[in-house]
Amino acid sequence: MFVVATAGHVDHGKSTLVRALTGMEPDRWAEERRRGMTIDLGFAWTTLPSGATVAFVDVPGHERFVPNMLAGVGPVPAALIVVAADEGWMPQSAEHLAALDALGVAYGLLAVTRADLADPGPATARARAEIAATSLGAVPAVAVSGLTGAGLPELRAALDRLAAQLPAPVVDDPVRLWVDRSFTVRGSGTVVTGTLGGGRLRVGDELELAGADEPVRVRGLHCLGEARPEAAAVARVAVNLRGTPRDRLGRGDALLTPGRFHHTDLVDVRLTGDPAGDLPATLTLHVGSAAVPVRVRPLGPDTVRLRLARPLPLLVGDRALLRDPGRHHVSGGVRVLDVAPPPLGRRGAAAARSQVLAELDGRPDLAGELRRRRLIRAGALIRMGVPVPTGRDSPAWAASVAGDWLADPAHWRQLGERLTEEVARHAREHPLEPGMPVDALRQRLALPDRVLVEALVRPPLRIHAGRVGAASANALPEPVALAVSRVRAEYGDRPFRAPEADRLVDLGLGPREIGAAVRAGALLRLADNVVLLPDALDDAVRVLAGLPQPFTLSAARQALDTTRRVAVPLLELLDRRGATRRLPDDARIVVT
Ligand SMILES: Nc1nc2c(ncn2[C@@H]2O[C@H](COP(=O)(O)OP(=O)(O)OP(=O)(O)O)[C@@H](O)[C@H]2O)c(=O)[nH]1
Ligand SMILES: [Mg+2]
């Protein structure tokens, strides 16, 4: 299937032509038929001589309904431009063409209608000249009459040739279905329609809907009136959604492959029409079927920052259109350069940004993104529309540095150097600590994720017990190591006697030294100033297990040959570790 949108001035015969080609009524509303005028989008389809199916999105020509027209052409890559032979080129012929040009539509046909009323020659010549100056370039022209049917076979043949020219859709792409209609079908619930430009939809798929917390599920699919288990781009589709109330979504919303799109209300774009300096401060941005008011901030002769009134799922490289609704003026097209641009708080930031934007062309560029963002998750880049190669063909610099984090190679090297410096500085300032805590390092280096710190640690540095230090960092500073070995020498044969506070002072074991020895596992702290050698715990359990069970505090104290100062916190520690259990009468048993 291929999809073509009509374009052209009011009353030039667009709907008549679609009706003549398809036998279907594109004007769906009674009011449209009563007034003989299209108000909203119409949909009709037919089979061409080659067997290809063409679906038309028929748009209104009246200047008041240009926003509806834009919602129809936004997602459609080909246009059938209609000009009446008897009226010739008119204002909305020009405005519609400007819109197609702004969106970069490159495939089209010219149909000069009402050829039974006037010589189609002059209208054809003028229209071809106007069209040739746009993204459509030179297009084939066919003179037709919707009334007599003259020229219709030629137009069908021309449509077939157009279909053959269109680039093949990318069916592996994520789905971004811009909704152009939503309605309720009795017994089925909410149905939305749209033009599927890329990807594939299946019954049962879960899709993301901006602003909804829960994914929405595809309950049924129709293509051109027929139920289908799946639909691949390009296609006109009607999607029945399970459990989604009708008022939750409408024109301008998008159904998305979950997790594949970045919703943004701030984008930097390149203009393809009026220069940045000529734009008013507020305009309407049209993209897909959406129309959103935007505030415009120039950042260069042809680059601007747009602040959207509501977020949209936009990708780098997207084409969109800016229009001034008050003046009925298409200001021009935009190409999205950045969907997650940096804030411009600092002095000079805008000027620097404008230089960066001057270098961008809207083509996704992984190396450039890494250089500018320095550190980013692969998933975040993909959601911006920047593909991240994986597997054997991907360059080494595009490999993740940790988890799914990617880094600019120069920045990553620099971070490694800074990490080493920070660890060395920490060691100088805290000689008794066995290394710098990973989280402190994460904060010093302003890294968003702990795994990045871990990935930056290289020998001779290593991570031990949540700290980064030299591999020998849990060896104690010499004076502390000496003091501990004296404790061992003095108390080794009476392991449950703790040195008295003044003895600790004599040994040079103040609170900081004790802390260092405890962290290094060289001493066991029972309470302030109550320390034992670390093997004392296992020994104590052995001794206590030899007592008649249950045993009292005093029996334990005697068996361990120690004082209450040691016995009380020692038993409490054994309780906490589950080695002993305290009974209601304060006696204890050893847990075996
Ligand atoms: N004689 C003649 N009349 C035509 C032809 N095509 C359309 N008309 C008439 O022109 C009028 C407008 O036709 P539509 O098809 O409604 O025009 P449209 O471009 O769809 O108009 P909008 O959707 O409102 O922009 C109708 O009265 C048609 O009958 C034609 O080829 N020959
Ligand atoms: Mg019409």
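Everything discussed here concerns the structure shown above.
Residues numbered from 1 in each chain as written. Chains lettered and ligands numbered in written order. Predicted model: local features only at pLDDT ≥ 70, side-chain atom pairs only at ≥ 80, totals over all residues. Heavy atoms only, no water.

**Q** Please clarify how the site of ligand 1 should be interpreted in this entry.
**A** Taken together, 19 residues lie around ligand 1, and Lys14, Thr16, Thr38, Gly61 and Gly146 are the ones closest in. Aspartate 11 has a polar backbone atom sitting 3.0 Å from an oxygen atom of ligand 1. A distance of 2.8 Å is found between an oxygen atom of ligand 1 and a backbone nitrogen or oxygen belonging to glycine 61. Protein contact buries 82% of the 640 Å² of open area that ligand 1 shows by itself. Counted by class, the shell around ligand 1 contains five nonpolar, ten polar and four charged residues. (Near = heavy atom within 4 Å. Polar contact = N/O pair within 3.5 Å; in protein donor to acceptor, adjacent residues only side chain to side chain. Areas by Shrake-Rupley, 256 points an atom, 1.4 Å probe, with all protein chains shown as cover. Nonpolar A, V, L, I, M, F, W, Y, C, P; charged D, E, K, R; others polar.)

**Q** Explanation requested: the coordination of the magnesium ion (ligand 2) in the structure shown.
**A** Metal coordination angles in their ideal form are 109.5 degrees for the four-donor tetrahedron and 90 or 180 degrees for the six-donor octahedron. Bound to the magnesium ion (ligand 2) on the protein side are Ser15 (OG) and Thr38 (OG1), at distances that span 1.9 to 2.0 Å. Within this pair, whereas serine 15 is found in helix α1 (residues 14-22), its partner threonine 38 is found in the loop between α2 (30-35) and β2 (42-47), the two being separated by 23 residues in sequence. Here threonine 38 falls in the buried class, since its relative accessible area comes to 8%. (Donors = N, O, S within 2.8 Å, 3.2 Å for Na, K, Ca; no water. Helix = DSSP H or I, 4+ residues; strand = E, 2+ residues; numbered from the N terminus. Buried < 20%, exposed > 50% of the residue type's maximum accessible area, 1.4 Å probe, protein only.)

**Q** So what exactly am I meant to see when it comes to the sheet that holds strand β20 (residues 319-324) here?
**A** Strand pairing in a sheet is mediated by backbone hydrogen bonds. Such pairs are either parallel or antiparallel. Here we have six strands rolled up into a closed barrel, ordered β16-β19-β18-β17-β20-β21, and antiparallel in their pairing. Here the average twist between neighbouring strands, direction ignored, is 40°. By the bridge criterion, six bridges tie strand β17 (residues 282-287) to strand β18 (residues 290-298) in an arrangement that is antiparallel. The residue of β18 that forms the bridge with threonine 282 is arginine 295. Relative to the sheet, helix α3 (residues 66-73) contacts β17 and β20, its axis offset from that of β20 by approximately 175°. (Pairing = 2+ DSSP bridges. Axes fitted to C-alpha atoms, helices over the stretch in contact; angles between N-to-C directions. Contact = heavy atoms within 4.5 Å.)

**Q** Hey, could you run me through helix α4 (residues 91-102) in this one?
**A** The periodicity of an α-helix, 3.6 residues per turn, causes residues three or four places apart in sequence to face the same way. Compared with the 16 Å implied by 1.5 Å per residue over twelve residues, the 16 Å span of α4 between its first and last C-alpha is a close match. If you check which residues of α4 are buried, you get Gln92, Ser93, Glu95, His96, Leu97, Ala99, Leu100 and Ala102. Downstream of α4 by one or two residues, glycine 104 has phi in the positive range, about 75°. (Expected span 1.5 Å × (residues − 1).)

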